[in-house]
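Structure assessment
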Amino acid sequence: MTGAIDILLKVRGHQRVPSDTKEFHEATKRDALIRLRKDLDNLLHSADDDKKATVQKEMCGFEALFHRFLQEDGPSVEWDKIEKLPQDAVKDYSSLKTPQESEIRAMLDKLVVVKLNGGLGTSMGCHGPKSVIPVRNDLTFLDLTVQQIEHLNKKYSANVPLVLMNSFNTDEDTEKVIRKYKGFQVQIYTFNQSCYPRISRDSLLPVAKDFNIEADIEAWYPPGHGDFYQSFQNSGLLKKFIDEGRDYCFLSNIDNLGATVDINILNRLLGSDRQGDKPIEFVMEVTDKTRADVKGGTLIQYEHKLRLLEIAQVPKEHVDDFKSVKTFKFFNTNNIWARLESIERVLNARTMNMEIIVNNKTLDNGMRVIQLETAVGAAMKCFDDGIGINVPRSRFLPVKKTSDLLLVMSNLYSLKYGSLVMSPQRMFPTTPLVKLGDNHFSKVKEFLGRFANIPDLIELDHLTVSGDVTFGRGVSLRGTVIIIANHGDRIDIPAGAILENKIVSGNMRILDH
């Protein structure tokens, strides 16, 4: 049977639709919204009294998102309407000026640092929030973030607060962990992003029966980082920081180890490098696209405004154009600088219309559900005077897989006040391309068990490892190295081995005797 979702997801484009069909679709939408409202009311009644006010705000947000989802007819971007990026739309980082030392403290005191901390470490085989996975010298993502901000506060006698946006998946564990930072010179605030009900693909109704999230965690989801703006306002923190006289927030993923507070960007926003009478309301840090980044979102000019274009919005026949490094030179790092008063204005005017990402899932019981999400960078088009800044690749160092972990644990980097600095011994500032086989390397514990210690990667360009492979102590990998152990075979790379532009395959076991 065709589900309600399939009827609603038909892209009608420019076809002429018979009026009775059109009326049927409109009636289906009206009916879907009425039934959803009824179900949301029932869920609200089942919430604890002390949580009702919060839940009501969130359910209003979900209803608005669902309503927009029903209204959207076809692609959000018409390919032929994409305009060439204006000359000054993306500033080159090298054109930014470094401020005087004496100006820095005043600028930092107008800044809030926000880290997106809603993700779990499950894809890397870890329990709890991803931010508590050790990444270097037994320090976690969260430890490094706190160290970075404490260093800024101490060096410049400033007071930059750290704000963590948690999800219902990470909130409880994060609250326990941050107690250990009590003695540090960093004020830490937390708030939760919304908790939205997953809806059945067939009925378009919530699969949850009541508001007991712990009892039926599969029925709920955090709706992507685009939810930041509304949840930040709902928490009261947006107003608090505006009242304190703070001007901007710098927002990034907690697993991007390159996303540190940049004094030169701050100077363009608030200091002597500021240009024109109007304040910049929104900055998206972009970096040069390589063949490894073809799926990343890019910046486009559309309807006279800069906006984020994600691969999910691209019509199938233009996906190759989207992936082209020549056509779209930049991709979004998800490092965002936004003016607090502008966020408040856009939210109060109800003009925060980010593209909806429809994420299809199948639950453990086989039920097909959808979750409606938004991306934080997609809000760019809602602001005035937004710019892109083309930053060095070093500001984009995400740890999504153990292959990324191998790089950040290696001698390619050293640690300085919580920030990773690339070794001056490396000839080129680019990071090597590393692919580790999922079957043997995808989980952190398993990955660490395959290295006696992390190899020397200073001269590595490309590493591919597949199959049952282990590495002895003091191994050095240079140039392009490909190691493939066939099914049933095992390769032990001996201690002290130097592999330079080598392909190793077959079976090579080192047995203790």
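Residues numbered from 1 in each chain as written. Predicted model: local features only at pLDDT ≥ 70, side-chain atom pairs only at ≥ 80, totals over all residues. Heavy atoms only, no water.

The name that an unreviewed UniProt entry assigns to the protein is UTP--glucose-1-phosphate uridylyltransferase, with the source organism given as Culex quinquefasciatus. The UniProt entry for the protein carries the following comment under Sequence similarities (unreviewed entry): "Belongs to the UDPGP type 1 family." Under the heading Function (unreviewed entry), UniProt records this for the protein: "UTP--glucose-1-phosphate uridylyltransferase catalyzing the conversion of glucose-1-phosphate into UDP-glucose, a crucial precursor for the production of glycogen." (UniProt positions renumbered as here; feature names shortened; annotations may be inferred.)

Concerning the pairing of strand β7 (residues 188-192)
Side chains Y189 and F191 project from β7 onto a buried face, and the interleaved I188, T190 and N192 project onto a face without burial. Across five bridges, the pairing between strand β6 (residues 162-166) and β7 is parallel. In the strand pairing of β7, N166 is matched with N192. Regarding the hand of the β-α-β motif, the stretch spanning β6, helix α6 (residues 171-177) and β7 is right-handed. (Buried < 20%, exposed > 50% of the residue type's maximum accessible area, 1.4 Å probe, protein only. Helix = DSSP H or I, 4+ residues; strand = E, 2+ residues; numbered from the N terminus. Pairing = 2+ DSSP bridges. Right-handed = clockwise from strand over helix to strand, strands pointing away.)

A word on empty space enclosed by the protein
Scanning the entire structure with this criterion turns up one cavity of 30 Å³ or more. Residue lining of the largest cavity: K115, F141, L144, T145, Q148, I254, N256, L257, G258, A259 and T260, and that is the complete set. Taken together, the residues of the lining of the largest cavity sort by class into five nonpolar, five polar and one charged. (1 Å grid on protein atoms, 1.4 Å probe; cavity = no way out; pocket = protein on both sides within 12 Å on 5 of 7 lines; lining within 4 Å. Points joined across faces, edges and corners; volume = space filled by probe spheres on them. Nonpolar A, V, L, I, M, F, W, Y, C, P; charged D, E, K, R; others polar.)

Quick word on the domain arrangement of the protein
Taken as a whole, the protein is organised into domain 1 (79-192 + 223-395) and domain 2 (402-505). Inter-centroid distance (C-alpha atoms) of domain 1 to domain 2 is 30 Å. For the pairing of domain 1 and domain 2, the buried interface totals around 1300 Å² over both sides, and the portion due to carbon and sulfur atoms is 64%. Inspection of the domain 1/domain 2 interface yields zero salt bridges. For the pair domain 1 and domain 2, the number of links is six residue pairs in polar contact (both at pLDDT 80 or more). Broken down by secondary-structure element, the contributors of at least two residues to the side of domain 1 that touches domain 2 are β4 (134-136) and α5 (141-156). (Domains from an automatic or database assignment. Buried area = accessible area lost by both parts, 1.4 Å probe. Salt bridge = Lys/Arg side-chain N within 4 Å of Asp/Glu carboxyl O. Polar contact = N/O pair within 3.5 Å; in protein donor to acceptor, adjacent residues only side chain to side chain.)

Thoughts on the confidence of the model for the protein
Residues at a pLDDT of 70 or more form 93% of the protein, whose mean pLDDT is 89. Counted against residues more than four places away or in other chains, residues 1-18, with its pLDDT under 50, gives 26 contacts. (pLDDT = per-residue confidence, 0-100. Contact = heavy atoms within 4.5 Å.)

Quick look at the environment of L460
Along the chain, L460 falls in strand β22 (residues 460-466). Each C-alpha atom, one on L460 and one on K416, is 23 Å from the other, the two residues being 44 residues apart in sequence. Setting aside residues no more than four positions away along its own chain, L460 makes contact with R426, P432, V434, L477, R478, G479 and V481.

A look at the nonpolar core
Grouped together as the largest cluster of nonpolar side chains are 73 residues, with contacts concentrated most on L108 and F471. Top contributing element to this core by residue count: α5, with seven residues. Looking at which domains feed residues into this core, each of domain 1 (79-192 + 223-395) and domain 2 (402-505) supplies at least three. Here L108 is in contact with L152, Y156, A158, V160, R246, V261, I263 and L266, once residues within four sequence places are set aside. Y189, V346, M354 and C382 belong to the second-largest nonpolar core, a separate cluster that totals 39 residues. (Core = buried A, V, L, I, M, F, W, Y, C linked by side-chain atoms within 4.5 Å.)

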